[in-house]
Amino acid sequence: CTLDTKCELWKDGFQKGAEFGYNKANEWHYVKDGDLPKENQLVMVYRVNPLGANIAITNWYDSYKDTKVIAWKEIVLPKESE
């Protein structure tokens, strides 16, 4: 960068983009709020389970909204694995 102002703007933009990506990757959606994924979408679910395994990776089906799923998180696979 040739000017301090341009460097600061560039750094600020990069920082905000990194924070947005991090927050989006760690965003949980709650079923009680009616925030549901698309049918057959690959998600990580947090659920009540008497066996103690509360996290699972699965394809979402609308029938899950009536189960013990508390929250879900989107999983986006890298392009190489599709």
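All of these numbers come straight from a predicted model, not from anything done at the bench. (Residues numbered from 1 in each chain as written. Predicted model: local features only at pLDDT ≥ 70, side-chain atom pairs only at ≥ 80, totals over all residues. Heavy atoms only, no water.)

1. Let's talk about the pattern of salt bridges
Here comes step 1: One pass over the structure, following the stated rule, counts 1 salt bridge.
Here comes step 2: Asp33 serves as the salt-bridge partner of Lys32, at 3.9 Å between the closest nitrogen and oxygen.
Here comes step 3: Judged by relative accessible area, Lys32 falls into the exposed class, the value being 72%.
Here comes step 4: For Asp33, a relative accessible area of 54% translates into the label exposed. (Salt bridge = Lys/Arg side-chain N within 4 Å of Asp/Glu carboxyl O. Buried < 20%, exposed > 50% of the residue type's maximum accessible area, 1.4 Å probe, protein only.)

2. Observations regarding the sheet that holds strand β1 (residues 29-30)
Here comes step 1: With antiparallel pairing, 4 strands are arranged side by side in an open sheet as β1-β4-β2-β3. One side of each edge strand has no neighbouring strand; the edge strands of this open sheet are β1 and β3 (55-59).
Here comes step 2: Bridge count between strand β2 (residues 42-47) and β3: 5 bridges; the pairing is antiparallel. By the bridge assignment, Leu42 is partnered in β3 with Asn59. (Pairing = 2+ DSSP bridges. Helix = DSSP H or I, 4+ residues; strand = E, 2+ residues; numbered from the N terminus.)

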